[in-house]
Amino acid sequence: MPSLTDVRFAELAQDIACDVHSKTQDDDNILKVQEISRAFVSDTITVPTKEMNAYALRASLGDDVYFEPSTALLETHVAKITGKEAGLFLPTGTMSNQVALRTHLQQPPYSIITDARAHIYRMEAGGAAFHSGANSIPIIPANEHHLTWEDIEPRIVSGTDVHVAPTHIIALENTLNGTIIPQDDVTEISKNARSRGIIMHLDGARIWHVAAETGLSMKELCDPFESVSLCLSKGLGAPIGTVLVGSTPFISKARWFRKLFGGGMRQTGYMAGCAAYALTYNFPMLPRVHALAKRMQQGLEQLGVGILSPAETCMLFYDPSPIGVEYWEVVERAAQFPDPIKLNGSRLLMHIQTSPQAIEDFLELLRTLKEEKAAAGWKPENAPPKKKTLFRDVYVKAVRPA
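Residues numbered from 1 in each chain as written. Predicted model: local features only at pLDDT ≥ 70, side-chain atom pairs only at ≥ 80, totals over all residues. Heavy atoms only, no water.

Quick notes on the UniProt feature "modified residue: N6-(pyridoxal phosphate)lysine" (unreviewed entry) in the chain
This chain's UniProt record puts "modified residue: N6-(pyridoxal phosphate)lysine" (unreviewed entry) on Lys 234. Among the structural elements, Lys 234 can be located in the loop between β6 (227–231) and β7 (242–246). If sequence neighbours within four positions are ignored, Lys 234 has contacts with Asp 43, Thr 44, Thr 46, Ala 205 and Arg 206. (UniProt positions renumbered as here; feature names shortened; annotations may be inferred. Helix = DSSP H or I, 4+ residues; strand = E, 2+ residues; numbered from the N terminus. Contact = heavy atoms within 4.5 Å.)

Structure representation (structure tokens):
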């Protein structure tokens, strides 16, 4: 084969070269941070700060499929504070949950019990069925807040009847829609599950918020579970990553499934550095986030706006219909501000980069809309009657009528 000429290779290299920076990138990033501070759609939208980047860039340069020192230190640390033997860094919470389920479940048929509102059941694209061949048993909590053993026990499937899929796992989520499961109920569920040989898994994507709000240690919160998935990119503000913790044999097998699922990553030191920074410097900011959420709820209640799910930690769900307003009206008007506020429906989620002024501006918008509706003749008795249903989904998307 003839060698490429220098000219030809230069042309080839020029074709392949890529620049992802716009000419106004620095200014764009400043605007993006401002936008994030006025967005109530999620806590995954937070961005690394200069301080986080500076710390993370000092992390080690290993390959995590083989061994990555900074990542291994992060895994060990999270395992230690949760009282588990080992940890595994994964790119997403969904992969972490699905790897955990697949690692626990050996041979079908089997079933998983979850809350009917749980991320594992509703928001992971049917992963339990696809990856593990598992049947899911979703349960609506009788108290409309959290599952109890009284909810779970009648729904457990056991025995050798060939028509059924025995229950092998109970998967709880804490927080769920921002609400906290009382630890006494978690302990009771775990005690009874373990007495029956049923495995306990926790989707603890926002478990950091539970610790910050209750003062319970991470170990206390995680002791009732054989495995726990802890997200680093939600409340804590790391750009990516989740740590799955459990026993040493469990994590060894989970590492295998992580590779099978396509989750084996290479130079993860920077990601581990961001996560370590988040644990150290962002976790202490969570009480402030909770205070912002409570301020939001207080302001809404003073206006007569309905609360579908209260602000126990970082989020709440609201209903503007008691003041004659629809979600799409709020979304569209908020987007018209000189400094827009970003919304997508009933969920209002505060994070470590939320601006307190954004909350006050949002409340002022609701006050204005309420006054406009009243001036147009709307009265509280005009509000549509609430339908009584067995399951109330607090997630409502803003959709403008056709």
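Topic: the sheet that holds strand β4 (residues 167–173)
Taken in spatial order, the 7 strands make up an open sheet running β1-β7-β6-β5-β4-β2-β3, and their pairing is mixed. The open sheet has two edge strands, β1 (86–90) and β3 (135–139), and neither has a second partner. Each neighbouring strand pair of the sheet contributes to a mean axis angle of 20 degrees, computed without reference to strand direction. One ladder, built from 4 bridges, connects β6 with β7; its direction is antiparallel. Within the sheet, the bridge partner assigned to Ser 229 lies in β7 and is Leu 244. Running at roughly 20 degrees to β1, helix α12 (residues 248–260) makes contact with β1, β6 and β7 of the sheet. (Pairing = 2+ DSSP bridges. Axes fitted to C-alpha atoms, helices over the stretch in contact; angles between N-to-C directions.)

Points about the UniProt feature "domain: Aromatic amino acid beta-eliminating lyase/threonine aldolase" (unreviewed entry) in the chain
In this structure's numbering, the residues bearing the UniProt feature "domain: Aromatic amino acid beta-eliminating lyase/threonine aldolase" (unreviewed entry) are residues 40–317. Between the C-alpha atoms that bound residues 40–317 the distance is 11 Å, and the span itself is 42% helix and 16% strand.

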